[in-house]
Amino acid sequence: MPKPRSKRQAIREERKKKRQQNEREPDESLRTAKRRRPNEGEGEDEGGAGDEAPQFDNIVDDGYEQPDASGAAALPPPPEREFFGMLSDPEQEYFRSVDEQLDIDNFPSQEERQLFLASVFAEAQGKELKLACSQSCSRLMERLILMSNTRQKKKLFQQFAGHFLDLVQHRFASHCCETLFLQSAPVVSRELGGERDDQPAEDDDPDEKPLPYMEEFFLLALDELEGRLSYLLTDRFASHTLRVLLLILSGRPLDQAQTKSLVHSKKKEKISAPWTFNNEAEGDNKLRAVPNSFSLATKKIIEDTVSGMSPTELRVLATHPTGNPVLQLLLELDIAMNARSSDESAKMTLLWHLLPGAPASLKDATTPACDFINSMLYDAIGSRLLETLVVHCPGKVFKVLYKHILEPRMHSLLRNDIACYPAIRVLNRLSKEDLQEVVNKTIPEFSKLVSLSRFNVIKALLERCQSRQAYDEVKALTRHLIQECGNDSKSLVPHLCLPPSPKDGGSEKKSEPLAKNRSALVSHGSHLVTAMLAIPESPRKAIQASISALSEEQILELATSSAPTSHVILGALSTPSQSKIFHKALVAALRPHVMELANSEHGNKVLSAIITVPSRSEGISLPFHIKESIMTELGQHEQELRDSFIGRRIWRNWKGDYWRNRRVDWIAWAKEVDSPTETKTKIPDRQSKTNDPGQRPKPTGPQHDNPNRIEVGAKGWTGKDKFIPQRKAIKGVT
């Protein structure tokens, strides 16, 4: 029996009453008006907002977004929406039980899983559209897509065909379309290489026609969306699906961090599945082979988008919170696909629409191109498009853009809380001479960068100067940073990573902005400290001196308070130091708090890193007895560690079972990082007769003097007393 869910039960009962009322009043006009009534918080399976209604004020009961009165969308969507019906109560109970069985995953074999999945797809046949639009069952549809094979994906494409325009604009069905597209992308690459795995099963109809290639399904879906891109770009739900389609058509990796932030929102719910078909997620972080038709389709989408908008509409789209990410992706793809084009005037691409007449027009401050750059620099949303433009624009455009617009005011852009992000992108493309000039102009106003907490700007300047081998500028930046942090290197880490909280007292004017942005300040400051640890000479020495001066409580706070601060300790443990006791003193400060680290979300990573620190190595040394004492304390709390997920991770990383049962092998494993190559090998197996190529040879003699040792020789057994005269005789030999 499924778990009782009182809130959902009340929603289902209310929906049942409404359905019975509709049966008594079969007037379609009343039903249509009811579906278009603004949502007042009542949960509907077909896209009702439920508990999240306040976040979607312009979402009606059928799950679609309505255009705002302010006219944010370029064109209003069609007034009529397709309604696919609702699941009955028994059907919802069945699919809910399926979801629970998938959570338990209590199947004896993979074959049983496939049979169960096939039966679910058979039961869902003809109800796919209802499932995709259902608030309670759309997540199940996503999980089914994740676990489905190629043939089942293609049949879902057939069921969705003809309805993609409505599905991608639906609050719940749009997520199902995204998952279907992402999971089907590897199939296109496999079929392009001649591999097909969509053969019918034994119980399928033998007279059924073979399914088309996956490439054709994608092109048919694009045909349905053609001509409607102008308003899909700014649709709250369809814009995400459109970004996914563009990534798939371009052949870009699907699982990169930058790609995820561009495609999915921060509130995107991660849907997981107990298993996947053919491990299709393994190649998501690599470039994919795509057919020529996909490249042509990408170019056509860009051309249709550009031709259907005026320069004013493009500028509005650049500052639109939903349209801006799509425009970023379109601009990046446009520059990548037309970078080798010799005739620029013959084909007006998106770049030349945003910057008409570039690069020559960028020399005149009165041209629309310069006006566009100036308007985007200080806009919170438009500056993100400018970052994409700076990173990917051709070199001849960037040189003129920097020389005539950005260079004269780089020092002021780096101080601004919005314009500093495009300015940091500019730093990544500057030559050594230009970078030195920027640093020389910034140093006189360095105190403003520190007072405004522009730690990300200081980090970018240090990293770029180190990369361009501008070592004098690195020393100058480090010296000025120390001066602004109290003229003492020991105050660097407390100032950057441990700013005072509002509860600690101080003036109200100083604590007010700190209370709002403390997490961001700590994150940026910790990233700066981590970057300085990676830069040899003066930056690293200053940070290591500051860490050595921290108290035990401050080091523990760094290790456990947040992920960025814990990376400071991780970087310190893995960075060489001229002080022979630096790593020993750092671990000694954490030693009394082993169990607190083991049970901490961030501190457990620090504790796992301690075992990888070598006991004898150039620049890094941690005595082995400290590791052994930590392992002893962990062994005393073994059951407590095994009772939690984080604790089991610590026990596994420290090889607790080998420490308890095979102590000699654990010592050999723990000391393997002391080798010059610092490569870790597998734990020796007592059962094997020979050593693997990468393993240490097993010790053949006794490891230490045992006072109770007994040896059996040809004349019988001899104990310790018999061996003593022999040892003395050997010592007397000259």
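The structure displayed is predicted, hence computed values, not measured ones.

**Student:** Which residues make up the confidence of the model for the protein chain, and what values do they have?
**Tutor:** Looking at the protein chain, the pLDDT average stands at 79 and 73% of residues meet or exceed 70. For the protein chain, the element scoring lowest by mean pLDDT is helix α2 (residues 28–35), at 37; helix α22 (residues 420–427) scores highest, at 96. Within the model, pLDDT remains below 50 along residues 25–61, and this stretch shows 87 contacts once partners closer than five positions in the same chain are excluded.

**Student:** Tell me about unusual backbone geometry, residues and numbers included.
**Tutor:** Look at the link from A358 to P359: it is a cis peptide, with omega at 5°. By secondary structure assignment, the location of P359 is in the loop between α17 (350–354) and α18 (368–377). The phi dihedral of Q469 falls on the positive side, at around 60°, and the residue is not glycine. By the element assignment, Q469 lies in the loop between α25 (455–467) and α26 (471–484). Under the relative-accessibility criterion, Q469 is labelled partly exposed at 49%. In this model, E537 sits at a positive phi of 65°, which is unusual for a non-glycine residue. Secondary-structure assignment places E537 in the loop between α28 (508–533) and α29 (538–548). The exposure class assigned to E537 is exposed, which follows from its relative accessible area of 53%.

**Student:** Please give an account of the packing of helix α7 (residues 150–160) against helix α10 (residues 214–225) that cites residues and values.
**Tutor:** Viewed as axis vectors pointing N to C, α7 and α10 meet at an angle of 25°, and their least axial separation amounts to 11 Å. Accordingly, the angle class assigned to the pair α7 and α10 is roughly parallel. For the element pair α7 and α10, the recorded crossing hand is left-handed. Two secondary-structure elements touch here, α7 through K153, K154, F157 and Q158 and α10 through M214, F217 and F218.

**Student:** Any details on the side chain of T388? Residues and values, ideally.
**Tutor:** Within the fold, T388 resides in helix α19 (residues 382–392). In this structure T388 comes out as buried when scored by relative accessible area, which is 9%. Not counting residues up to four positions away in its chain, the partners in contact with T388 are Q328, L331 and E332.

**Student:** Account for the nonpolar core, naming residues and giving values.
**Tutor:** Ranked by size, the top nonpolar core spans 182 residues in total, and within it L607, L634 and W654 carry the most contacts. W654 has contacts with L607, S608, I610, I611, K627, I630, M631, L634, W666 and W669, leaving out every residue within four places of it along the chain.

**Student:** Got a sec to walk through the packing of aromatic side chains? Specific residues and values, please.
**Tutor:** For any pair of aromatic rings, the description rests on two quantities: the centre-to-centre distance and the angle between the ring planes. Evaluated as defined, the whole model comprises 13 aromatic pairs. Ring centres of F157 and F164 lie 6.0 Å apart, and the angle between their planes is 50°; this geometry places the pair in the tilted category. F164 matches F157 in its accessibility class, with the two residues each being buried. Judged by centre distance (6.2 Å) and plane angle (85°), the rings of F160 and F164 are edge-to-face. The class of F164 is buried, set by a relative accessible area of 2%. Each residue in the set F157, F160, F164, F181, F217, F218 and F294 is aromatic and connected to the rest through ring pairs, giving one cluster. Its guanidinium or amino end placed over the ring of F398, R429 lies 4.5 Å from that ring's centre, counting from NZ or CZ. Against the face of F624 rests K671, its NZ or CZ located 4.9 Å from the ring centre.

Rules and cut-offs
Residues numbered from 1 in each chain as written. Predicted model: local features only at pLDDT ≥ 70, side-chain atom pairs only at ≥ 80, totals over all residues. Heavy atoms only, no water. pLDDT = per-residue confidence, 0-100. Helix = DSSP H or I, 4+ residues; strand = E, 2+ residues; numbered from the N terminus. Contact = heavy atoms within 4.5 Å. Buried < 20%, exposed > 50% of the residue type's maximum accessible area, 1.4 Å probe, protein only. Axes fitted to C-alpha atoms, helices over the stretch in contact; angles between N-to-C directions. Parallel < 35°, antiparallel > 145°, perpendicular 65-115°, else oblique. Left-handed = near helix turned anticlockwise from the far one by under 90°. Core = buried A, V, L, I, M, F, W, Y, C linked by side-chain atoms within 4.5 Å. Phe/Tyr/Trp six-rings, centres within 6.5 Å; stacked < 30°, edge-to-face > 60°. Lys NZ or Arg CZ within 6 Å of the ring centre and 35° of its normal.

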